[in-house]
Amino acid sequence: MDALLSPAGTDLTSEMVGIPIALLLLLLATLLLPAAQRRRARQGAVLLALSLVCGAARFVFPPGASVRRPLLFAATFFLLASIGRSAVLLLVDVLLERRTARPAPKIFRDMATGLAYLAVALVALHAGGVEPGSILTTSALLTAVIGLALQDTLGNLVSGLALQMQRPFDVGDWIEVEQAHAGQVTQMTWRATSIMTLDHVEVILPNASLARSAVRNYSRPSRVSRRRLVIGITYDASPSVVHAVLAAAAADAPGVLSEPPARARTKSFGDSAIVYEVLYFVDDFAHALDVDGVVADRVYHALARRGIGIPFPTHAVIMAPAGVPEKQRDDERKRIARALASVALMQPLPDDSHAVLAERAHVRRYGPGEAVVRKGDASLEMFVVEQGTLAVEVPRELKGVAEVAQLGPGECFGEMGLLTGEARSATVRAKTLCDLVVIDHDAFHEVLAAHPEVVERMGGLLAARQAGLEAAAVSAERAAPPEERKQRLISQIKSFFKLV
């Protein structure tokens, strides 16, 4: 490098060596760069042209003129800068990109170019007889002032390098910064990162603050991201019904992915509504807000068709008309009477007993998946299915459970626990939304105490029902004779209800 700047008779020799090197590197960079990036070689060409202009201009002045030395310095500086620029293009934009198979970050290219120019300036100053180190050491105050002034700039530079090395996002990714700025990354420089928001407004975030922030990347590891709609629904609607309506409405909306499927869940219980979440997935964050709006529209219309209300967040004082609770109870008694009339086990009871049970029984609602009774539990209740479907489950020999039967409207279970006090022989679990009529021990004791003669008939029906349930599990040789089974059950019922 010193030879290139020698003020003696080696000036022309140095230029004759340096100019061909600069031309060769410039030609290689132009040929090896992709066609779309060849414009980056223009800077090296401009620097080489400035070197030639300054080198030729010094010969306009006579030998020994004071202006010739600055022109020589400028010519050599531009020549070295052209060589450095071309070398950076070959190393970073050609070799590095081919090894990593991805474009080099702009901040790396800018820093490599800046470092090359700095090295050229230091070499040029040294060759010109100026020691760069002496300038800094002789002015400690200036150095401190410059360091303090560049504190934020250096922080952004270091943070930019860290972001580029870690690569939490790339240009083109959709990100959200601490739920304050959401948009697509358009540019990453040594000082800041630019994102274009969904409102088509460019936001420039300093790298230092971005490195300290929580960043959500909606483009990695895939473009699929989950969205949610929170909505309050009236307490009158069953959660299982609401879940089905909300999930179906969201799944039907354009832009919502079929996999993973849309679903709904209960979030909390509010003052005037049950709060639900509708969860669904999209793969295009640019139109995510539009999809949110379509899902909200579909949910509203689906709820309206089913007569499910979205209550206002208000407190209402309702003055119920006189007689309303009694009417509701009367309607429930009629429901219970209809359900009991369809059960064969209840046929031996006289009409007045049906009326007593309808008065004493009540209706319980179970949601899908809820266990009504569990195997081994002690219970003194009998259940009649008014609506819905339930599964009868028994433990497997090795692991898990097996569904052995299903119960629907008009069927009953738990009669052995009600009449004899035996522990539950199986687990019964609701498969759908179920309404069950519940008859407890005290109500049935009142009926049997008034009509003890029905015990004989009920014992026979219970024995036949039990024999049918055990037919698949017990061979005919091992099964108890029907009459013996009947008499044993009658004895158990009388003893349990203290009718002896």
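Residues numbered from 1 in each chain as written. Predicted model: local features only at pLDDT ≥ 70, side-chain atom pairs only at ≥ 80, totals over all residues. Heavy atoms only, no water.

S.K.: Even after reading the chapter, I still don't get the overall build of the chain, so can you show me in this structure?
M.R.: Secondary structure summary: the chain contains 16 helices and 16 strands in total. For the chain, buried positions account for 39% of its 500 residues. Looking at the chain as shown, the accessible area adds up to about 28000 Å², and 61% of this sits on carbon and sulfur atoms. (Helix = DSSP H or I, 4+ residues; strand = E, 2+ residues; numbered from the N terminus. Buried < 20%, exposed > 50% of the residue type's maximum accessible area, 1.4 Å probe, protein only. Areas by Shrake-Rupley, 256 points an atom, 1.4 Å probe, with all protein chains shown as cover.)

S.K.: What should I look at first to understand empty space enclosed by the protein in this one?
M.R.: The gaps left among the atoms become clear once a water-sized probe is rolled over them. For the structure shown, the criterion picks out 1 cavity of 30 Å³ or more. Roughly 30 Å³ of internal volume is contained in the largest cavity. As for the largest cavity, its lining consists of Trp 174, Tyr 218, Ser 219, Arg 223, Asp 283, Asp 284 and Phe 285. Considered class by class, the residues forming the lining of the largest cavity number 3 nonpolar, 1 polar and 3 charged. (1 Å grid on protein atoms, 1.4 Å probe; cavity = no way out; pocket = protein on both sides within 12 Å on 5 of 7 lines; lining within 4 Å. Points joined across faces, edges and corners; volume = space filled by probe spheres on them. Nonpolar A, V, L, I, M, F, W, Y, C, P; charged D, E, K, R; others polar.)

S.K.: Looking at this model, I keep getting lost on the nonpolar core. Mind explaining?
M.R.: Soluble globular proteins tend to pack their nonpolar side chains together in the buried interior. Leu 357 and Phe 444 are the most contacted members of the largest nonpolar core, which totals 31 residues. Elements with a minimum of two residues in this core: α11 (324-341), α12 (351-360), β11 (381-387), α13 (415-420), β16 (434-440), α14 (441-450), α15 (454-470) and α16 (482-496). Sort the elements by how many residues they give to this core and α15 lands first, with 5 residues. Dropping the residues within four chain positions of it, Leu 357 is found in contact with Ile 336, Leu 340, Met 346, Leu 349, Ile 439, Ala 443, Phe 444 and Val 447. The next biggest cluster of nonpolar side chains, apart from the first, holds 28 residues, and it includes Val 256, Ala 262, Phe 285 and Ala 302. (Core = buried A, V, L, I, M, F, W, Y, C linked by side-chain atoms within 4.5 Å. Contact = heavy atoms within 4.5 Å.)

S.K.: Would you explain helix α2 (residues 42-57) in this entry?
M.R.: Because an α-helix completes one turn every 3.6 residues, residues spaced three or four positions apart along the sequence face the same direction. Relative to the 22 Å expected for 16 residues at 1.5 Å per residue, α2 spans 22 Å between its end C-alpha atoms, a close match to the ideal helical length. Residues of α2 that are buried: Gly 44, Leu 47, Leu 48, Ser 51, Cys 54 and Gly 55. Axial view of α2: buried residues confined to an arc of 125°, hence all on one face. Opposite the buried face of α2, by more than 90 degrees, sit the exposed residues Arg 42 and Val 53. (Expected span 1.5 Å × (residues − 1). Arc of directions from axis to C-beta.)

S.K.: Sorry if this is basic, but what is going on with the environment of Ile 19 here?
M.R.: Counting through the fold element by element, Ile 19 comes out in helix α1 (residues 11-32). Spatially, the C-alpha atoms of Ile 19 and Leu 80 are 9.2 Å apart, while their sequence positions differ by 61 residues. Setting aside residues no more than four positions away along its own chain, Ile 19 makes contact with Leu 52 and Leu 79.

S.K.: What is the right way to look at the sheet that holds strand β10 (residues 371-373) in this model?
M.R.: Strand pairing within a sheet occurs via backbone hydrogen bonds; the two strands may be parallel or antiparallel. Within the open sheet, the 4 strands sit side by side as β10-β15-β12-β13. Their pairing is antiparallel. On the outer flanks of this sheet lie β10 and β13 (401-407), each paired with one strand and no other. The average undirected angle you get between the axes of adjacent strands in this sheet is 35°. Bridge count between strand β12 (residues 390-395) and β13: 6 bridges; the pairing is antiparallel. (Pairing = 2+ DSSP bridges. Axes fitted to C-alpha atoms, helices over the stretch in contact; angles between N-to-C directions.)

S.K.: Mind showing me how you'd approach the packing of aromatic side chains here?
M.R.: Two descriptors summarise a pair of aromatic rings, namely the distance from one centre to the other and the angle between the planes of the rings. With the rule as written, the count across this model stands at 5 aromatic pairs. With 5.7 Å between their ring centres and 50° between their planes, Trp 174 and Phe 285 make a pair best called tilted. One end of the pair, Trp 174, is in strand β1 (residues 174-177); the other, Phe 285, is in the loop between β8 (274-282) and α10 (288-305), and 111 residues separate them in sequence. Each of the two residues, Trp 174 as well as Phe 285, counts as buried. Ring pairs connect the aromatic residues Trp 174, Tyr 218 and Phe 285, which therefore count as one cluster. (Phe/Tyr/Trp six-rings, centres within 6.5 Å; stacked < 30°, edge-to-face > 60°.)

S.K.: Sorry, what's going on with the pairing of β11 here?
M.R.: Consecutive side chains of a regular strand alternate in pointing toward one face of the sheet and then the other. Within β11, 5 of the 7 residues are buried, leaving the element largely enclosed by the surrounding structure. Bridge analysis of β11 against strand β14 (residues 412-413) gives 2 bridges, and the strand direction is antiparallel. In the strand pairing of β14, Phe 383 is matched with Phe 413.

S.K.: Honestly, the packing of α12 against α14 in this entry has me stumped. Any pointers?
M.R.: Helix packing geometry: the angle between the two helix axes and the distance between the axes. Packing of α12 against α14 leaves a shortest axis separation of 10 Å and a crossing angle of 165°. Considering their axes alone, α12 and α14 lie roughly antiparallel with respect to each other. Between α12 and α14 lies a crossing whose hand is right-handed. Only Asp 442, Ala 443, Phe 444, Glu 446 and Val 447 of α14 make contact with α12, whose side of the interface consists of Ser 353, Val 356, Leu 357 and Arg 360. Split into classes, the residues belonging to the contact of α12 with α14 amount to 5 nonpolar, 1 polar and 3 charged. (Parallel < 35°, antiparallel > 145°, perpendicular 65-115°, else oblique. Left-handed = near helix turned anticlockwise from the far one by under 90°.)

S.K.: What is the right way to look at the pattern of salt bridges in this model?
M.R.: Pairs may arise between side chains of opposite charge once their charged atoms sit close together. Applying the stated criterion across every chain, the model contains 17 salt bridges. Between Arg 228 and Glu 277 there is a salt bridge whose closest N-O contact spans 2.9 Å. Taken as a pair, Arg 228 in strand β6 (residues 225-233) and Glu 277 in strand β8 lie far apart in primary sequence, 49 residues in all. Overall, Arg 228 belongs to the partly exposed group, its relative accessible area being 42%. Given the relative accessible area of 6%, Glu 277 is considered buried. (Salt bridge = Lys/Arg side-chain N within 4 Å of Asp/Glu carboxyl O.)

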